[in-house]
Amino acid sequence: MYDHTDLARLQSQSLKMQGWIRQQTFSPEHTKRLRRFSSWEVSELILKLNQSTFRGKLAADPSLPGGEVEEDGRQRWFSLEEINELRRRIKTNRKSLMPPRPAGKRAFRAAVANFKGGAGKSTVALHLAHAAALDGYRVLLVDFDPQATLSHSMGLTDVSEDFTVWGIMARDLIRETDRMNAATTGAASGTALPLRKLPSAIRDMGLDELRHADFIQKTSWSTIDIVPSCANAAFVEFASAQYRHLNPEWTFFAAVSRYLDGIADDDYDLILFDCPPAIGYQSMNAVFAADMLYIPSGPGYWEYDSTTSFIGQLSEALEDLAAGFEGTFPTGKITLPKAFVDVRFLMTRYEAGNDLHRAMLEAFRKVFGDHVTEHPVEMTRAVEQSGRFLSSVYEIDYRNMTRETWRRARASFDRAYEEFRGNVIAGWDKI
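It should be emphasised that the depicted structure is a prediction, and the values quoted were computed from it without experimental measurement.

K.L.:
What is the right way to read the packing of aromatic side chains from this model?
P.N.:
Centre distance and the angle of the planes are the two values used to describe a pair of aromatic rings. Taken as a whole, this structure holds 23 aromatic pairs when the rule is applied. Arranged with centres 6.4 Å apart and planes meeting at 50°, the rings of tyrosine 137 and tryptophan 428 form a pair that is tilted. With a gap of 291 residues between them, tyrosine 137 in the loop between helix H5 (121-134) and strand S7 (139-143) and tryptophan 428 in helix H15 (residues 403-428) connect regions that are remote in the sequence. The same class applies to tyrosine 137 and to tryptophan 428, which are both buried. Residues tyrosine 294 and phenylalanine 420 carry aromatic rings whose centres are separated by 5.1 Å and whose planes lie at 90° to one another, so their mutual orientation is edge-to-face. Here tyrosine 294, found in strand S11 (residues 292-297), pairs with phenylalanine 420, found in helix H15; they are 126 residues apart in sequence, far enough to count as distant. When its relative accessible area of 2% is taken as the criterion, tyrosine 294 is described as buried. Using a relative accessible area of 1% as the deciding quantity, one classes phenylalanine 420 as buried. In textbook terms, an aromatic cluster arises when at least three aromatic residues are bridged by ring pairs, as seen for Tyr243, Trp250, Phe252, Phe253, Tyr281 and Phe288. The positively charged end of arginine 403 is found above the aromatic ring belonging to tryptophan 40, 4.2 Å away from the centroid.

In structure tokens, the structure reads:
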């Protein structure tokens, strides 16, 4: 027989192995560090400049960042901070290299969601975030998944549940309850209504005193921040059910949206959500706060079947919310009924030479039409390695494998990102 103590013992053994893996993957201090990028990568893949043009720009202006030179003097290597400075200062044909961003708009929010496990949600979110950062955007990641794969991949492993989405939701419960009580006591009718009470166990946690910035952590990428997750946050579904019982009028599904509304419009350009493989309190917060849904799916029939079920159940859940909270939803940047500026399906782990994969992609396109992205994410050896080493293809040094293998994997994600960026820019004007 096995009880909770046996499970705790197995976890303890696994944590020891996790520590060893992180030591091998990251630095000896268990801190993830972002590598430098070669002048070839910076010119052709990041800034989209001819190498000779790039070298000419550096030679013409000695004040530009010059990177670090290899011992043989053949290659320069640039940090992300240096790349961003180059992007800000270099112009080609009098045009800026900065990425497009509509003036006066808040950050665009995209949720990577599907309740099918293994569909590639964390992999897609990680690569889109890294590609966007290399494109010059400032990114905020929000990890809704208690498995915390995205948080671990960004180098965060020691996270308290107070500073996860659970903490945001608990803080919102307290603040929304206080707001409702203040509105009750200040009613114009003067009629005394019963106040909504929360137990001291919730109020004494002190979460209502936390600032917005307390939930956001820096990463090894200077232009990517994250609201992380952790395994201890898995109980959020149970806690949220209890919280709803304490205050049935609490619009639980809008907690994260209200939190994001408190972030200055120009703090970030893109906010990406990594959703858990389920429809629950956390995933409903993610989809409600999102401007666009990005739904990854593998190329198998069961994944197609699961994706169909996901959008059906999500539709029913959003309809129930719109009916159940009609007229009671507090003013904010997102209103009921919930609407998205775009919904896209992205096929992952795709092999162009596989007849079944081609057939499933065609089936997706027949059913979902233009909502299916043109460029699937291909399965390559470099993609497999990125998952094994908790890194994206962009973080892997191409010298650790054949350049062609690395280039093929990067090209697949580059195409997926370029299409994603186009969808974001098109949708930005609609929010």
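K.L.:
I tried to follow the pairing of strand S12 (residues 342-347) on my own but got confused; where do I start?
P.N.:
One face of the sheet, then the other: side chains in a regular strand alternate in exactly this way. Across the six residues of S12, five count as buried, placing the element largely inside the fold. Here S11 pairs with S12 via six bridges, running parallel. Counted as the bridge partner of proline 296 is leucine 346 from S12.

K.L.:
Explain the sheet that holds strand S10 (residues 270-274) to me, please; I cannot follow it from the model alone.
P.N.:
Note: strands within a sheet are paired through backbone hydrogen bonds, in either parallel or antiparallel orientation. Strand order in this open sheet of seven strands is S8-S9-S7-S10-S6-S11-S12, and the pairing throughout is mixed. Two strands lie at the open edges of the sheet, namely strand S8 (217-218) and S12, each paired on one side alone. Inspection of the sheet shows strand S6 (residues 108-112) paired to S11 by three bridges, in the parallel sense. By the bridge assignment for S11, alanine 111 is matched with leucine 293. With respect to the sheet, helix H13 (residues 355-368) is in contact with S11 and S12, its orientation differing from that of S12 by roughly 170°. In this fold H15 packs onto S6, S10, S11 and S12, with an angle of close to 155° to the strand it touches most, S11.

K.L.:
What is the right way to look at the packing of helix H2 (residues 39-46) against H15 in this model?
P.N.:
Between two packed helices, the angle of one axis relative to the other and the distance separating the axes together describe the packing. Contact geometry of H2 with H15 gives a least axis separation of 14 Å together with a crossing angle of 35°. Crossing geometry of H2 relative to H15 is assigned as right-handed. Of the residues in H15, those touching H2 at Trp40, Glu41, Leu45 and Ile46 are Arg403, Trp406, Arg407 and Arg410. Of the residues contributing to the contact of H2 with H15, the split by class is four nonpolar, no polar and four charged.

K.L.:
I keep staring at the sheet that holds strand S3 (residues 76-78) and nothing clicks. Help me out?
P.N.:
Taking strand neighbours across the sheet as the criterion, the three strands line up as S1-S3-S2 in an open arrangement whose pairing is antiparallel. Whereas interior strands pair on both sides, the edge strands pair on one side only; in this sheet they are strand S1 (37-38) and strand S2 (68-69). Strand direction decides the pairing type here: S2 and S3, joined by two bridges, are antiparallel. Each bridged residue has a counterpart across the sheet, and for glutamate 68 the counterpart in S3 is tryptophan 77.

K.L.:
Whenever I open this one, the side chain of asparagine 423 confuses me. Can you help?
P.N.:
Tracing the chain through its elements places asparagine 423 in helix H15. The contact partners of asparagine 423, leaving out residues within four places of it in the chain, are Met292, Tyr294, Asp342 and Arg344.

K.L.:
What is the right way to look at the nonpolar core in this model?
P.N.:
Within soluble globular proteins, side chains that are nonpolar tend to cluster in buried spots. Counting residues in each nonpolar core, the largest one holds 62 residues, and the members touching the most others are Leu140, Val142, Tyr243, Tyr259, Leu260 and Phe273. Top contributing element to this core by residue count: helix H7 (residues 165-185), with seven residues. One finds Ile83, Leu150, Cys230 and Tyr417 within the second-largest nonpolar core, a separate group that totals 60 residues.

K.L.:
Explain empty space enclosed by the protein here, please?
P.N.:
A water-sized probe rolled over the atoms picks out the places where empty space is left. All told, the structure shown has four cavities of 30 Å³ or more when counted by the stated rule. As a volume, the largest cavity reaches approximately 110 Å³. Considering the residues around the largest cavity, the lining is formed by Leu45, Ile46, Lys48, Ala131, Leu134, Asp135, Tyr394, Arg410, Asp414, Tyr417 and Glu418. At the level of elements, H2, H5 and H15 are the ones that each hand at least two residues to the lining of the largest cavity. For the lining of the largest cavity, the class distribution of residues is six nonpolar, no polar and five charged. Taken domain by domain, the makeup of the lining of the largest cavity includes at least three residues from each of domain 1 (37-96) and domain 2 (108-182 + 197-429). If you add up the space inside the second largest cavity, you get close to 70 Å³. Grouping the constituent residues of the lining of the second largest cavity by class yields six nonpolar, no polar and five charged.

K.L.:
What is the right way to read H13 from this model?
P.N.:
Every α-helix winds through 3.6 residues per turn, so residues three or four apart in the chain are directed the same way. Spanning 14 residues, H13 covers 20 Å between terminal C-alpha atoms, matching the ideal 20 Å at 1.5 Å per step. Restricting attention to buried positions, one finds in H13 the residues His357, Met360, Leu361, Phe364 and Phe368. What you see down the axis of H13 is that its buried residues fit within an arc of 100°, all on one side. Residues of H13 that are exposed and point over 90 degrees away from its buried face: Asp355 and Lys366. Glycine 369 occupies a position one or two residues after H13 and carries a positive phi of about 60°.

Rules used throughout
Residues numbered from 1 in each chain as written. Predicted model: local features only at pLDDT ≥ 70, side-chain atom pairs only at ≥ 80, totals over all residues. Heavy atoms only, no water. Phe/Tyr/Trp six-rings, centres within 6.5 Å; stacked < 30°, edge-to-face > 60°. Helix = DSSP H or I, 4+ residues; strand = E, 2+ residues; numbered from the N terminus. Buried < 20%, exposed > 50% of the residue type's maximum accessible area, 1.4 Å probe, protein only. Lys NZ or Arg CZ within 6 Å of the ring centre and 35° of its normal. Pairing = 2+ DSSP bridges. Contact = heavy atoms within 4.5 Å. Axes fitted to C-alpha atoms, helices over the stretch in contact; angles between N-to-C directions. Left-handed = near helix turned anticlockwise from the far one by under 90°. Nonpolar A, V, L, I, M, F, W, Y, C, P; charged D, E, K, R; others polar. Core = buried A, V, L, I, M, F, W, Y, C linked by side-chain atoms within 4.5 Å. 1 Å grid on protein atoms, 1.4 Å probe; cavity = no way out; pocket = protein on both sides within 12 Å on 5 of 7 lines; lining within 4 Å. Points joined across faces, edges and corners; volume = space filled by probe spheres on them. Domains from an automatic or database assignment. Expected span 1.5 Å × (residues − 1). Arc of directions from axis to C-beta.

Function-wise, these values are silent; they only describe arrangement.
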